[in-house]
Structures are given as structure tokens and as C-alpha cells.
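Each chain, written out:
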Amino acid sequence: MSSPHPPRLVCPACRVPLDRAGAVDLDCPECGRRVPVFDDIPAFCDSDPFYETYTGHHAPYHLSPAGLKGAVLRWLPYWSWREWRFWRRYVPRGGWLLDLGCARGRQVFAERAGGSVGIDTARNALAECARHYRLAVQSGLAPLPFEDGVFDVVVTSHVIGHIPAAEKDAVLAEMARVLRRGGRSVNVIETDSLHPLVGFAKKWPDLYRRHFVEPDGHVGLELPTAVIARFERHGMRSVACWKMEAGPFHPRQWVKHFDNEYRERSAGVASAVERSRRILAQPALLAAAEVGLGMVHYTAGQWRYPLDHAQFIAAVFEKT
Ligand SMILES: [Zn+2]
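Residues numbered from 1 in each chain as written. Predicted model: local features only at pLDDT ≥ 70, side-chain atom pairs only at ≥ 80, totals over all residues. Heavy atoms only, no water.

A. View of the pairing of strand β10 (residues 179-190). Examined bridge by bridge, strand β9 (residues 151-157) and β10 share 6 bridges and lie parallel to one another. Bridge pairing links Thr-156 to Asn-187 in β10. On the question of chirality, the crossover connecting β9 to the parallel β10 by way of helix α6 (residues 165-178) is right-handed. Of the pairings in the sheet, the one linking β10 to strand β12 (residues 312-319) comprises 7 bridges and is antiparallel in character. Note on β12: the bridge partner recorded for Ile-189 is Ile-313. (Pairing = 2+ DSSP bridges. Helix = DSSP H or I, 4+ residues; strand = E, 2+ residues; numbered from the N terminus. Right-handed = clockwise from strand over helix to strand, strands pointing away.)

So this is what it looks like as C-alpha cells:
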């Protein structure tokens with residue numbers, strides 16, 4: 001039976017519970033560190049300017065589809081709703097959930113967890129997250145201001161690929177530490193890829209950097225097999241993995257990555273981008289592409305394409 005209160009905050013250095021100092025701020029009784037609290041959001045770090053801007057543009061509060069739309073999307077394999085279906089399948093019901101790098105948060109987590117706690121460095125996004133989750137905390141991902149084993153599930157959504165390689169082990173160690181034994185780590189992780197089209201894009205390293213890596217701040221991409229091995233080294237056993245985007249590109253991906261200098265490098269790319277723009281402009285064509293690519297994702301995407309062709313993975317681990 002999990003506690004009705006969110007896991008208590010501790011000093012990240014001393015691991016002792018923080019005291020209320022005066023009206024709002026928190027104090028470490030051991031080292032004397034003061035943690036200011038802004039609008040109910042304890043701040044263990046300052047804001048990072050890149051992510052204040054990035055989450056301002058890229059990270060709304062992700063709503064679950066409601067009503068008829070939700071009912072249809074539960075069985076129709078719409079490509080754009082794969083991640084929602086993944087979360088519904090693997091985020092367990094009840095218990096305390098920690099959303100690492102939460103930005104504004106996700107309704108599917110709040111719906112499924114007994115209570116959700118969000119951690120992020122961007123305070124503008126946390127202000128909204130605090131309205132949907134039980135607790136929002138401004139902090140980096142390591143060290144975490146919680147005691148050992150207090151969470152039933154830790155989720156990350158498009159976070160691990162943003163962590164530089166040198167810092168990854170520290171984050172995964174903290175993730176494993178705050179998870180209870182048997183608890184789940186449920187993740188959508190951007191990865192490096194041996195996909196033939198990504199290989200083609202890498203022939204021009206400067207273009208690849210400009211149009212694949214930098215727009216999203218993906219500074220820490222590793223191949224899927226390397227990501228899974230890293231989690232397992234930290235005592236998290238792989239229990240499920242969906243390969244995402246291991247097969248044909250969605251028209252939106254063609255435009256996002258190739259509607260730029262790449263068109264001048266290859267006539268094939270230029271015409272694929274044109275075709276993609278036409279599909280995106282026609283709602284009926286786009287819907288057909290969504291369902292077609294969704295069907296590929298759930299069939300050949302899982303059993304035919306190699307794991308390391310995936311451009312990201314939806315991966316579930318259990319703490320041993
Ligand atoms: Zn302390």
C-alpha cells in the first residue's frame with residue numbers, strides 16, 4: 001500500500017529530510033543548505049536557458065485522447081499515438097510515479113499513477129506541471145532529492161538522449177536508487193541508429209548535426225543495444241522494448257530532417273520531401289499514411305527490422 005503523501009524531499013548531498021525554514025523555504029539540518037520554494041515548487045537548481053526556451057516551444061501538457069477519439073485510438077494503429085499506447089500498456093496502475101525531465105507533464109501518467117511527481121530544470125514548464133501532478137520539483141536528474149526505494153515507477157519521455165554520455169551513468173544510478181525493488185522504469189528514449197536513411201544523412205556530418213541532432217538537443221544518442229546494456233548494468237532488467245521508427249520514415253520526419261540543404265545533395269531526397277509535403281497537406285492522405293505506417297510499426301517494425309535500426313525505443317525495465 002503506498003503512502004498518500006508524496007515521497008519526502010531530502011538534501012541531495014546529505015540524504016537527510018529537509019526542514020521547513022521560516023514560512024516556505026527548506027533547510028538541510030546537516031549541511032545548512034537552503035532550498036528556496038517558488039509557488040510550491042522547491043528549487044534545487046537554477047533554470048537552464050536552452051531548456052527554458054525548448055520546453056516553451058516543444059513541450060505542452062500532453063493530453064490523453066478523450067471520448068470517441070480515445071476509443072478509436074485504442075484499436076486503430078495511428079502512428080502518432082504509438083507512445084500513448086505504450087504508456088497505457090506499461091505504466092502500472094497505482095503507486096508513486098516519478099517523471100524525470102517532466103516538462104509540463106503527461107495526462108496518461110497522472111491518470112494511471114496513484115500520485116505523480118515531476119522533476120525538471122525548466123521552471124516555466126514546472127509551473128504548469130504543478131497543476132496536474134501532486135508535486136513538481138526543480139532539480140537536475142542527478143543527484144535526486146529523494147530517499148532510496150520510494151517510487152514504484154520512474155518514467156522518462158525523450159530525456160535520456162539529451163543527457164551527455166559522461167553523465168548518463170549517474171542519472172541511471174539515481175533512477176535505480178529511488179525505485180523500489182520490483183519497480184518499473186518505463187522510458188521513451190531517442191537513440192543513435194543504423195537505419196539506412198540515417199546512415200545516408202550522416203554522409204554529411206555538418207548537415208546531420210544541424211538537422212538531426214541540434215534542433216532537439218540530442219547530445220547523448222547511443223545505439224538501442226547500448227542503451228539497454230547501460231540500464232542492465234544499473235540493475236534494471238529489460239522486460240519489454242518497442243522499436244520505434246526502425247522502418248519507413250513518416251512524411252513528417254522527411255520534412256523535419258530533409259526539407260533543407262539535404263534536398264540539394266540528392267534528387268531522391270528532394271522528391272521524397274515533395275511527396276511528403278503533399279501528403280501532409282491532405283488530411284485524408286495523412287490519415288491513410290498514419291494508419292499504414294502504424295500497421296508497419298506493430299508488425300514488421302517489431303519483428304523484421306534490426307533493433308539498432310530504431311531511431312528511438314520504448315523500453316521497460318524492472319529493478320532487480
Ligand atoms: Zn545537506
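Read on for the rest.
B. Inspection of the coordination of the zinc ion at higher detail. Note on the zinc ion: its protein donors are Cys-11 (SG), Cys-14 (SG), Cys-28 (SG) and Cys-31 (SG). The metal-donor distances range over 2.2 to 2.3 Å. Each of the 4 donor atoms bound to the zinc ion contributes to angles spanning 103 to 116°, and the resulting shape is tetrahedral. Counting gaps between the donor residues of the zinc ion yields the pattern C-x2-C-x13-C-x2-C. Of this pair, Cys-14 sits in the segment before β1 (19-20) while Cys-28 sits in the loop between β2 (26-27) and β3 (34-35), placing them 14 residues apart in sequence. Using a relative accessible area of 25% as the deciding quantity, one classes Cys-14 as partly exposed. (Donors = N, O, S within 2.8 Å, 3.2 Å for Na, K, Ca; no water. Tetrahedral: all angles 85-135°; square planar, octahedral: opposite > 155°, others 65-115°. Buried < 20%, exposed > 50% of the residue type's maximum accessible area, 1.4 Å probe, protein only.)

C. Region of interest: the pattern of salt bridges. One pass over the structure, following the stated rule, counts 20 salt bridges. One salt bridge in this structure joins Asp-216 and Lys-256, with 2.8 Å as the shortest N-O distance. Placement of the pair is Asp-216 in the loop between α8 (205-213) and α9 (224-233) and Lys-256 in helix α10 (residues 251-258), with a sequence separation of 40 residues. On the basis of relative accessible area, Asp-216 is assigned to the buried category, the value being 8%. A relative accessible area of 47% means that Lys-256 is categorised as partly exposed. Between Glu-222 and Arg-230 there is a salt bridge; the shortest N-O distance is 2.6 Å. You can call Glu-222 buried: its relative accessible area is 15%. Each of the salt bridges in this network shares a partner with another, and the network as a whole consists of Arg-15, Asp-148, Glu-174 and Arg-177. (Salt bridge = Lys/Arg side-chain N within 4 Å of Asp/Glu carboxyl O.)

The values are spatial; any link to function lies outside them.
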